[in-house]
Amino acid sequence: MAILLTRETKAIVQGITGRVGSIQTRWMVEYGTNIVAGVTPGRKGEVVYGVPVFDDVKETVELFGANASVIFAPPFAAKDAVFEAIDAGIKLVVVVPEHIPVADTMEMREMAKNRGAYMLGPTTPGVITPGVGKLGIMPGNMFKPGRIGVISRSGTLSYEVSGYLNEAGFGESTVVGIGADPVTGMDMSEILELFEKDEDTEAVVIVGEIGGTREEEASEFIRKMSKPVIAYIAGRLAPPGKRMGHAGAIIQGESGSFRSKIEKLEGAGVKIAFKLYEVPHILKKLL
Amino acid sequence: MKLLEYQGKEFLSSLGIIDVPKGMVVQSPEEAQNAVKEIGKKAVLKVQIPTGGRGKAGGIRLVSDPEEAKKVASELLGRDIRGFKVNRLLVEEALEIEREMYIGVTIDPQKGKRVFMFCDSGGMDIEEIVRLYPQKLLRIDKYPSEPFREYEVRSYLRERGFSGELLVKLSKLAYTMFEAFVKSDLLILEINPLCLLRDGRLVAADAKVEVDDNALFRQKRFLEFETSSFEDEMEREAKEVGVSYVGLDGDIGLISSGAGLGMCTVDLMADEGLRPANFLETGGGITAKLLRDSIRLLLKRGNIKAILINLYGGVNSLIEAANGIKEAKESFAKDIPIVVKAIGNQEKEAWEILRSAGVHLVYTFHTERLVDLLKEVLTKRGE
């Protein structure tokens with residue numbers, strides 16, 4: 001069954017005729033993803049790697065029953081694209097572009113939540129269900145079908161951890177990039193909830209990093225989970241990145257550090273991998 | 001983009017709702033002397049650098065006359081404070097403060113909400129005050145679609161004993177700041193301390209304003225500040241190259257195609273006793289030029305023993321990256337060992353190019369093998 005991207009997914013690509021959109025469409029199609037249509041306003045009638053292009057999302061929902069969208073619009077147009085997709089009834093929106101203003105992201109996030117849609121990103125590699133399809137930019141050859149769910153804040157580390165899982169013979173049920181921006185569409189806990197309910201997922205790996213309080217907040221949901229959770233937090237010895245300054249410090253208090261995340265996660269029963277390559281070793285002991 | 005204090009104060013003044021101290025920006029001791037003459041009383045000299053903690057670093061000095069201002073200014077100008085070269089001072093009237101408060105707006109990223117904050121104490125220890133007495137902080141969270149209401153602040157202030165003109169001034173200020181925060185795509189808008197003076201004036205004694213860089217395309221009024229907010233020299237050049245750069249104190253140049261991957265690499269390097277000289281992250285959109293310029297930027301720092309490059313090709317073109325590395329290796333980085341991991345779309349073509357460039361290459365995704373190879377290379381060179 002997997003989560004978010006399943007055999008029932010009928011996906012469209014918004015911004016399909018752009019430089020990145022077109023090449024990534026090709027790779028998604030080659031991977032076997034069910035891409036039913038593309039959207040670029042004004043370009044109806046064109047075809048990109050066998051995918052027909054339309055003027056708006058609504059047409060693709062009416063004609064093909066599209067239910068997911070991956071967005072490659074430029075940053076200034078991304079909010080409009082997300083609103084259009086959700087308004088047309090799309091339930092999974094993957095926002096790949098980086099450099100979207102945070103105010104726009106907050107609006108997208110609020111709308112997705114109000115309308116019961118799932119939104120990944122911005123600045124996400126997307127979501128991949130190995131063997132089924134991928135919505136986004138991850139290199140398909142880094143993933144293999146299996147029963148481990150992966151949630152990552154970092155695109156590149158989601159590739160790397162999957163490499164380790166494959167090498168140890170595990171494979172992944174679904175790999176979800178929530179996005180690297182300060183504000184993202186979905187929280188870790190929402191994705192954990194989907195993995196908890198998913199029959200194809202045996203255990204979940206969280207790839208986090210220092211900064212923000214996402215991992216701390218996710219630990220509240222993990223207490224209630226029946227499936228084992230393993231976490232790796234990048235930045236154990238790295239310099240803390242750009243802090244948000246005074247006002248940020250006031251609302252975040254002492255959260256966000258490596259120590260704070262590890263303490264909260266361990267307190268919720270999560271097994272910690274201090275190095276990424278330890279993840280499969282810990283999994284072997286748990287399963 | 002973090003505005004300098006005087007730029008932040010210009011922004012606050014433009015809102016027309018709050019006074020800022022009488023003052024001017026100067027760039028020489030003579031100008032500082034004249035400024036104090038004009039102010040006509042005790043004054044404060046404040047270094048203009050885009051970072052906090054200036055007071056503790058000796059960057060804020062009280063002077064009592066123009067002569068002293070000249071002397072202190074010559075001490076401050078040209079100095080390095082917290083990694084930033086001082087080339088501007090803000091000379092301001094010294095305030096006679098009755099009471100210090102805190103007011104600010106920011107974003108709670110986890111909730112996706114804007115947050116208004118007010119505290120009837122303020123000053124340097126605001127974080128500590130809020131930690132010890134969380135009930136002293138008024139916090140109002142708003143989703144983008146929810147309007148900010150002036151009365152919410154007013155009723156809080158009334159319960160706290162505020163009344164009369166100050167009650168109205170503060171709640172109006174709160175409302176105006178929140179509106180400006182939204183309209184101008186800010187990440188932080190903060191006045192700390194917000195001062196009530198003995199003469200009854202309400203004055204912003206400091207101003208912290210951070211604009212969302214990603215929104216500058218529609219916030220053009222801030223562009224004029226960009227060239228004048230003097231960042232660390234390397235960071236400024238990195239911005240021109242199109243990468244993000246954090247300077248560190250080791251001797252291994254590090255380039256990664258993502259922040260998470262970069263941090264993970266730093267962790268593994270540290271375990272082997274290797275220290276990065278920097279944290280240079282390309283993000284998506286690698287081109288040959290970007291990689292070449294990144295390597296050039298790294299080497300500019302000097303004292304670099306080797307360069308470690310950790311890349312994934314998802315949205316990025318590894319072929320572009322490989323060509324950039326090759327160009328650097330063949331033109332200006334001949335003598336410096338470069339150790340590369342490049343995995344993902346079109347990796348085989350990229351490896352071909354990298355091999356011909358004479359860099360050290362790992363052919364797997366394992367970052368720890370990349371670090372091992374680096375160690376090996378350094379040992380062979382007798383480092």
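We now turn to the structure provided with this report. (Residues numbered from 1 in each chain as written. Chains lettered and ligands numbered in written order. Predicted model: local features only at pLDDT ≥ 70, side-chain atom pairs only at ≥ 80, totals over all residues. Heavy atoms only, no water.)

Concerning the overall build of chain B
Note the threshold: Secondary structure is summarised from DSSP: a helix means a run of H or I of at least four residues, a strand means a run of E of at least two, and numbering begins at the N terminus for each. Note on classification: 1.4 Å probe, protein chains only; a residue is buried when its accessible area is under 20% of the maximum for its type, exposed when over 50%, partly exposed between these limits. It only takes one pair of heavy atoms within 4.5 Å for two residues to be counted as in contact. Only the protein chains shown count as cover for residues, and the accessible areas themselves come from Shrake-Rupley with a 1.4 Å probe. This count recognises Lys and Arg as positive and Asp and Glu as negative, with His and chain-terminal groups excluded. Lysine's charge is taken at NZ, arginine's at CZ, aspartate's at CG and glutamate's at CD.
Within chain B, the secondary structure is distributed over 13 helices and 18 strands. The C-alpha extent of chain B, read off along each of the three principal axes, is 75 × 55 × 40 Å. A burial count over chain B gives 55% of its 383 residues as buried. The contacts of chain B with a sequence gap of at least 6 include a subset with a gap of at least 24, amounting to 69%. Carbon together with sulfur atoms contributes 47% to the accessible area of chain B, which is approximately 16000 Å² in total. Considering chain B, the positive charge centre built from 56 side chains and the negative charge centre built from 61 side chains are found 1 Å apart.

Observations concerning the overall build of chain A
Summing up its helical and strand segments, chain A has 10 helices and 14 strands in all. On the principal axes, the C-alpha backbone points of chain A span a range of 55 × 45 × 30 Å. A buried classification covers 62% of the 287 residues belonging to chain A. If you take every contact in chain A between residues at least 6 apart in sequence, the share linking residues at least 24 apart comes to 74%. As presented, chain A carries roughly 10500 Å² of accessible surface, and 51% of it is formed by carbon and sulfur atoms. In chain A, 31 positive and 35 negative side-chain charges are present, and the distance between their average locations comes to 4 Å.

Re the interface of chain B and chain A
The condition that has to hold: Accessible-area loss on putting two parts together, using a 1.4 Å probe and summing over both, is the definition of buried area adopted here. Here, a salt bridge means any Lys or Arg side-chain nitrogen found within 4 Å of an Asp or Glu carboxyl oxygen. Counting of polar contacts relies on pairs of N or O atoms within 3.5 Å, with two restrictions inside protein: one atom must be capable of donating a hydrogen and the other of accepting it, and residues adjacent in sequence are counted only when both atoms are side-chain atoms.
Taken together, the 62 residues of chain B in the interface contact 56 residues of chain A. Here chain B packs against chain A, burying approximately 4900 Å² in sum over the two surfaces, 61% of which is carbon and sulfur. Viewed at the interface, chain A and chain B are joined by 4 salt bridges. Among the salt bridges present, the one from Arg 218 of chain B reaches Asp 104 of chain A, with a minimum N-O distance of 2.7 Å. Where chain B meets chain A, there are 17 residue pairs in polar contact (both at pLDDT 80 or more). Tallying contributions element by element places helix α9 (residues 259-271) of chain B first for the side of chain B that touches chain A, with 9 residues.

Considerations on the pattern of salt bridges
Residue and element names in this part refer to chain B. Applying the stated criterion across every chain yields a total of 49 salt bridges over all chains. Here Glu 128 and Arg 131 are joined by a salt bridge, their closest N and O atoms 3.1 Å apart. Linking Glu 128 with Arg 131, this pair stays in helix α4 (residues 126-132), spanning 3 residues, or about one helical turn. Of the charged contacts, one joins Lys 300 and Glu 237 as a salt bridge, the two residues approaching to 2.8 Å between their closest N and O atoms. Here Glu 237 lies in helix α8 (residues 233-241) and Lys 300 lies in helix α10 (residues 288-300), a separation of 63 residues in the sequence. Judged by relative accessible area, Lys 300 falls into the exposed class, the value being 54%. Residue classification places Glu 237 among the buried positions, given a relative accessible area of 18%.

Some points on helix α13 (residues 367-380) of chain B
Spelled out, the test is: Helices are assigned an expected span. That span is 1.5 Å times one less than the residue count.
Compared with an ideal rise of 1.5 Å per residue, which puts 14 residues at 20 Å, α13 of chain B spans 20 Å between its outermost C-alpha atoms and is within 8% of the ideal. Every buried residue of α13 of chain B is accounted for by Thr 367, Glu 368, Leu 370, Val 371, Leu 373, Leu 374, Val 377 and Leu 378 of chain B. Close packing links the buried residues of α13 of chain B with α5 (155-167) of chain A together with β14 (252-256), α9, β16 (306-313), β17 (338-344) and β18 (360-362) of chain B.

A short note on the packing of helix α6 (residues 188-197) of chain A against helix α7 (residues 214-222) of chain A
Angle between the axes and distance between the axes: these two values describe a pair of packed helices. Residues and elements named next belong to chain A. Threshold: With axes taken as lines fitted to C-alpha atoms, and helix axes fitted only over the stretch in contact, angles between N-to-C directions fall between 0 and 180 degrees. Each crossing gets its handedness from the near helix: less than a right angle anticlockwise from the far helix is left-handed, clockwise is right-handed. Residues are grouped as follows: Ala, Val, Leu, Ile, Met, Phe, Trp, Tyr, Cys and Pro are nonpolar; Asp, Glu, Lys and Arg are charged; all remaining types, including Gly, are polar.
Where α6 meets α7, the axes come as close as 8 Å, and the angle between the chain directions of the two elements is 35°. Seen from above, α6 lies across α7 with right-handed handedness. Judged by residue contacts, Met 188, Ser 189, Leu 192 and Glu 193 of α6 engage Arg 214, Glu 215, Ala 218, Phe 221 and Ile 222 from α7. In terms of residue class, the contact of α6 with α7 is made up of 5 nonpolar, 1 polar and 3 charged.

Notes on the packing of α10 of chain B against helix α11 (residues 318-331) of chain B
Residues and elements named next belong to chain B. For the record, the criterion: Roughly parallel means an angle under 35 degrees; roughly antiparallel, over 145; roughly perpendicular, 65 to 115; everything else is oblique.
Packing of α10 against α11 brings their axes to within 7 Å, and their N-to-C directions diverge by 40°. By the angle class used here, α10 and α11 are oblique. You can see that α10 and α11 cross each other, and the crossing is right-handed. Counting all contacts with α10, which are made through Ala 288, Leu 291, Arg 292 and Ile 295, the residues of α11 involved are Glu 320, Ala 321, Asn 323, Gly 324, Ile 325, Glu 327 and Ala 328.

A look at the environment of Ala 94 of chain B
Residues and elements named next belong to chain B. Inspection of the secondary structure assignment puts Ala 94 in the loop between β6 (89-93) and β7 (97-108). Looking at Ala 94, the relative accessible area reads 16%, which means it is buried. Sequence separation between Ala 94 and Ala 333 is 239 residues, and the spatial gap between their C-alpha atoms is 53 Å. The contacts of Ala 94, once residues within four sequence positions are left out, are Lys 41, Lys 42, Ala 43, Val 44 and Leu 62.

Digging into the pairing of strand β4 (residues 51-54) of chain A
Residues and elements named next belong to chain A. Which entries qualify depends on this criterion: If DSSP finds at least two bridges between two strands, the strands pair.
Where strand β2 (residues 35-39) meets β4, 2 bridges bridge the pair, whose relative direction is parallel. By the bridge assignment, Gly 38 is partnered in β4 with Val 53. Sheet topology places strand β3 (residues 47-48) next to β4; 2 bridges connect them, and they run antiparallel. Across the sheet, residue Val 47 finds its bridge partner in β4, namely Pro 52. Here β3 folds back onto β4 in antiparallel fashion, the turn holding 2 residues, of which Tyr 49 has a positive phi close to 45°.

Structural notes on unusual backbone geometry
With an omega of 5°, the peptide bond between Gly 121 of chain A and Pro 122 of chain A qualifies as cis. Here the bond from Asn 192 of chain B into Pro 193 of chain B is cis, since omega is 5°, no more than 30 degrees from zero. With phi around 60°, Gln 346 of chain B is a residue other than glycine that occupies positive phi space. Relative to the assigned elements, Gln 346 of chain B resides in the loop between β17 and α12 (347-357).

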